[in-house]
Number of protein chains: 4
Amino acid sequence: MNSSFRHIGLISKFGAATVGATLRRLIDYLQARGLEITLDTSAAEHVPDIPLPSVERPILAERCDLVIVIGGDGTILNAGRSLAESGVPLVGVNLGRLGFLADVSPDLMADQLDQILAGEYAQEERALLHAIVQRDGETISSSDALNDVVVHKWDVARMIELEVCIDGHLLNTQRSDGLIVATPTGSTAYALSGGGPILHPSLDAIVLVPICPHSLNNRPIVINEASEVDIVVQDGDYTHAQVTCDGQVNFALLPGDRVRVRKKAQSLKLIHPPGYDYFEILRRKFGWGQSS
Amino acid sequence: MNSSFRHIGLISKFGAATVGATLRRLIDYLQARGLEITLDTSAAEHVPDIPLPSVERPILAERCDLVIVIGGDGTILNAGRSLAESGVPLVGVNLGRLGFLADVSPDLMADQLDQILAGEYAQEERALLHAIVQRDGETISSSDALNDVVVHKWDVARMIELEVCIDGHLLNTQRSDGLIVATPTGSTAYALSGGGPILHPSLDAIVLVPICPHSLNNRPIVINEASEVDIVVQDGDYTHAQVTCDGQVNFALLPGDRVRVRKKAQSLKLIHPPGYDYFEILRRKFGWGQSS
Amino acid sequence: MNSSFRHIGLISKFGAATVGATLRRLIDYLQARGLEITLDTSAAEHVPDIPLPSVERPILAERCDLVIVIGGDGTILNAGRSLAESGVPLVGVNLGRLGFLADVSPDLMADQLDQILAGEYAQEERALLHAIVQRDGETISSSDALNDVVVHKWDVARMIELEVCIDGHLLNTQRSDGLIVATPTGSTAYALSGGGPILHPSLDAIVLVPICPHSLNNRPIVINEASEVDIVVQDGDYTHAQVTCDGQVNFALLPGDRVRVRKKAQSLKLIHPPGYDYFEILRRKFGWGQSS
Amino acid sequence: MNSSFRHIGLISKFGAATVGATLRRLIDYLQARGLEITLDTSAAEHVPDIPLPSVERPILAERCDLVIVIGGDGTILNAGRSLAESGVPLVGVNLGRLGFLADVSPDLMADQLDQILAGEYAQEERALLHAIVQRDGETISSSDALNDVVVHKWDVARMIELEVCIDGHLLNTQRSDGLIVATPTGSTAYALSGGGPILHPSLDAIVLVPICPHSLNNRPIVINEASEVDIVVQDGDYTHAQVTCDGQVNFALLPGDRVRVRKKAQSLKLIHPPGYDYFEILRRKFGWGQSS
């Protein structure tokens, strides 16, 4: 075995019943290879009987050479935000259903990890976004996102009005249910449901997708990933807006609040089994080529 | 004057500063013609100095031969829901910006009302929807809608899962931000932003428009207005769903709740100046024919 | 057997190799029941060795009580246009792949025909369109369509300009690749690819779907089936337009030509096995409910 | 005057009546500044009475420091393809209607050229595509495109089937009216009508937009501009396909033909007046911010 992956961190979906069995098989597999294992606290809860060290994620990221995440794309989004800064690479094992990020299947896990641990793998850099909220000139909140930063209405079925600037230049003022700012990784998630295009992961780009825009000629726009996007919530009688990162982290917004989105300096290192083919995953996820 | 419109009810947008002047001009105009006038309470607030009877809407609808509503489409939606049952016809005066429903402009108000009061006008029947919410077999809420009944998520940026049946037959189970059930009147409102088609007002039809559906091949479907639509909120970890009528009336939903939508028995009688041309309104609202 | 179907006409896809076997099985089946059989000339070519009368379609329609069409939806479109006028009902047998119109599968053919011949079936009326082309005030061409009448550019990758009127009222003048006028039956065909909605077959409606419109706020519009649609090809340097019915019948157009589309007086009687469920066909054709 | 633009080439729209006056004003303006002028043959036809040298475009590109093109975006597309290879910069003067490429208005022409000739301007590099057609392994045609390379059906209203590969990896096999491969420049042209996103001109990307795809989950995809796109026309009974560059150059395709599209090595140098704001042009062209 000639890979540099000697200390493996394990993160798993919280509370899913099917995770336990896969996690145990994975621990057996890694122990049989004599690798050092550290669990994060969510994984440790699934296997209380196995005596392995369990730590918080920042420490896990520090200690390990590779982190294996068991769960769906949602679990990887969560783990990815925690790990990107540390630079530790991540590989995703799904629970039976192919994910865009979790592309190792439990059935092929042993064979595919054999290859990865032998140093045969494909590594990608996936960009993250960093969003801050400014109120009266002060930054009052910040979060990362691997998929998307979404500014959207909540509570009532009314549009909100957003002023959008790119690198300080006005793009437009739009009335809509909200605006999605997505990475290439996020382009196949919520942004796609909103009518956005697919962005190849290798693209240095960000896509802005309006959600149910009032104006019919408001369209998705793809901009350079080096751009800074400012979204200012406009005043209104019934403005109930919030910003959400990866559909997982929420923050309530007031009129006048500015959400500033930039590419995060650090990217997520995502590892795939050799032969990884992004287009094949698209074909399988979207059923392309199946007759109808 | 040979029309049967002798007792005119007046309803106006609540709280809009520009309404007062138009309302006063309208009262002068009607009094000069010797017509009887009754205000609803929202209109009375704009002209506290004018001694005219002011009543609640159900009484207004009972007493009057014609109701004139001053405001935008939102004001007419609100009035239309209150008046449809009574059968009293309604004419909409906008505040300077052409509406789909409020198509009499303040500038042409006198001339156009001259014609309408002389019996020269176009009358349309606009269908309404009636929505009820059933929980554990009991009806716990009900409301009318002139534009649309929308079942949608709120609070979090997560999809909800809805099972949709038409006349007792399963259409599909869909994950999305929600589902819009719209009348032809509502087809140019929120349903259009969601990607739905325009339905001509004379069409006996209802359109179902999924909001940001997860599945890319989930598409708007137009069904017969005689159909009964059942939408059942499916269980989920984070289901926060509500139903909203015309973007104005909300009701919180729990998993298992059934929203049943049918065409309301009574339609709204909507009156237009002679020469009313629906397609011209479309062209003006959508800027069709303007070069770009 | 208590049905009135005693003389069965058979029509089949032209030239498809797989048709022969299904056709022979069908003939055996019908002969075993003592039913009279007449072939149209396309079916006769597949079974030159079987001594059955073969006639042109208008005569077939006249003589038979029921016509069975073997092939895909394209074959049924073709047959439907020929048979609608006569009023003879039609049932569609597919070649293994479910069609919207050809919904009897070869595997279940015997059982399902047993039921139909026993008088147990669902019958629908499917509307057709009738299109005429007028040049200098004279009608120079006409055709029926079960799916759609499409006015579109050809030869070059340039837009054409069309003026569209509905019941004599201007809808708009649009630049696009063309315009689809579709029946509910056609709403799940080309019109859907162009971004149109699904129309339930019971709907008395026609949908107009612009193909790649230049103006982003040009949208599909659903109108009453009683409406008359006029499409006039506008002048242009490079206008190469034609009108196509069901993707099968073409006619070249010149600037100034008017294509007038109306609902055809006669509908097609389409017969399904008992338990026919349009929504189930939608679900199967679009893969609704399959996880992705 | 401190710019290096001393020899100006002039190209104009062919045959447009309004061009002549603008061209004469422009020649007066340039002669008054003592600049050397050369016309291309299309411009020379508009001013046969003015004794200026007129040459073919390749020679014009060689001789001049700057080329001014008078006309709409179509004229600039044509000129841009001719000039890109030479590296000579281009500025576009429109005929009264703002273009994405022709953004100098005739009214402001003198002032804006003053600035440009004084060396105050914004210069952009706009990518072009280079398409070749391969048949039986041999290249039988090639062309450049500034907007888009489109493989599409013609003649009949039938879909064609295309196999699409990116950098040798299968993307999918799709049935549609065709496929648009567009540059950022072309993203606001035909690709937008086909449902594609807007790509900022600074983006190193290409977008693939299917035209009326049969499969509803076939979506626009944005890929790296360094990618090689192969489109192979699949066999079919009625395949009539062709490839078109910028809507101006056509070439007929046979089943089996491969259209290979790559970014062209040379870009077009496009010059704008100082203060050029791409987003402002988007707002004006799409009417963003105008109430409806």
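Source: prediction; values computed, not measured. (Residues numbered from 1 in each chain as written. Chains lettered and ligands numbered in written order. Predicted model: local features only at pLDDT ≥ 70, side-chain atom pairs only at ≥ 80, totals over all residues. Heavy atoms only, no water.)

**Some points on the interface of chain A and chain D**
Contacts between the two partners involve 32 residues from chain A, matched on the other side by 32 residues from chain D. Between chain A and chain D lies a buried interface of about 2,700 Å² when both sides are counted; carbon and sulfur atoms form 57% of it. Interface area lost by chain A to chain D is led by Arg219, Phe279 and Trp288 of chain A, which between them contribute 23%. Counting the contacts that link chain A with chain D gives 18 residue pairs in polar contact (both at pLDDT 80 or more). Residue assignment for the side of chain A that touches chain D shows that the elements contributing at least two residues are β11 (169-176), β13 (198-199), β15 (221-224) and α7 (278-286) of chain A. Taken together, the residues of the side of chain A that touches chain D sort by class into 17 nonpolar, 11 polar and four charged. Looking at chain direction, β15 of chain A and strand β13 (residues 198-199) of chain D are connected through two bridges and run parallel. For Val222 of chain A, the partnering residue across the bridge sits in β13 of chain D and is Leu199 of chain D. (Contact = heavy atoms within 4.5 Å. Buried area = accessible area lost by both parts, 1.4 Å probe. Polar contact = N/O pair within 3.5 Å; in protein donor to acceptor, adjacent residues only side chain to side chain. Helix = DSSP H or I, 4+ residues; strand = E, 2+ residues; numbered from the N terminus. Nonpolar A, V, L, I, M, F, W, Y, C, P; charged D, E, K, R; others polar. Pairing = 2+ DSSP bridges.)

**A word on the sheet that holds β13 of chain D**
Spatially, β18(A)-β17(A)-β9(A)-β12(A)-β14(A)-β15(A)-β13(D) is the arrangement adopted by the seven strands of the open sheet, whose pairing is mixed. Each edge of the sheet is formed by a strand with only one pairing partner; in this case those strands are β18 (249-253) of chain A together with β13 of chain D.

**Digging into the relation of the copies chain A and chain D**
Taken as rigid bodies, chain A and chain D are interconverted by a rotation of 180° and an axial shift of 0.0 Å, the fit giving an RMSD of 0.0 Å. What we have between these two chains is a two-fold relation. Ranked by how close their C-alpha atoms come to the rotation axis, the residues of chain A are headed by Pro197 of chain A, at 3.2 Å. In this assembly the copies share their binding face: 100% of the residues contributing to the interface of chain A also contribute to that of chain D. (Least-squares fit on C-alpha atoms with pLDDT ≥ 70 in both.)

**Remarks on the relation of the copies chain B and chain A**
Overlaying chain B with chain A gives an RMSD of 0.0 Å, the required rotation being 180° about an axis along which the chain moves by 0.0 Å. A share of 100% of the interface residues of chain B reappears at the interface of chain A, consistent with the copies meeting face to face through the same patch.

**With respect to the environment of Met109 of chain A**
If you trace the backbone, Met109 of chain A turns up in helix α5 (residues 109-117). Separated by 40 residues in sequence, Met109 of chain A and Val149 of chain A place their C-alpha atoms 32 Å apart.

**A look at the interface of chain B and chain A**
Residue-level contacts link 26 residues of chain B with 26 residues of chain A. At the junction of chain B and chain A, the tally comes to zero salt bridges. Among the elements of the structure, β9 (148-153), α6 (190-193) and β17 (241-245) of chain B are those that each provide at least two residues to the side of chain B that touches chain A. When grouped by side-chain class, the residues that make up the side of chain B that touches chain A number 11 nonpolar, nine polar and six charged. (Salt bridge = Lys/Arg side-chain N within 4 Å of Asp/Glu carboxyl O.)

**Concerning the sheet that holds strand β16 (residues 229-233) of chain C**
Pairing within the open sheet is antiparallel, and its six strands lie in the order β8-β7-β19-β16-β10-β11 (chain C). Each of the sheet's edge strands pairs with one partner strand only, and the pair in question is β8 (138-145) and β11 (169-176) of chain C. Strand-to-strand, the axes of this sheet are offset by a mean angle of 20°, without reference to chain direction. Taken strand by strand, helix α7 (residues 278-286) of chain B contacts β10 (160-166) and β11 of chain C, and its axis lies near 40° from that of β11 of chain C. (Axes fitted to C-alpha atoms, helices over the stretch in contact; angles between N-to-C directions.)

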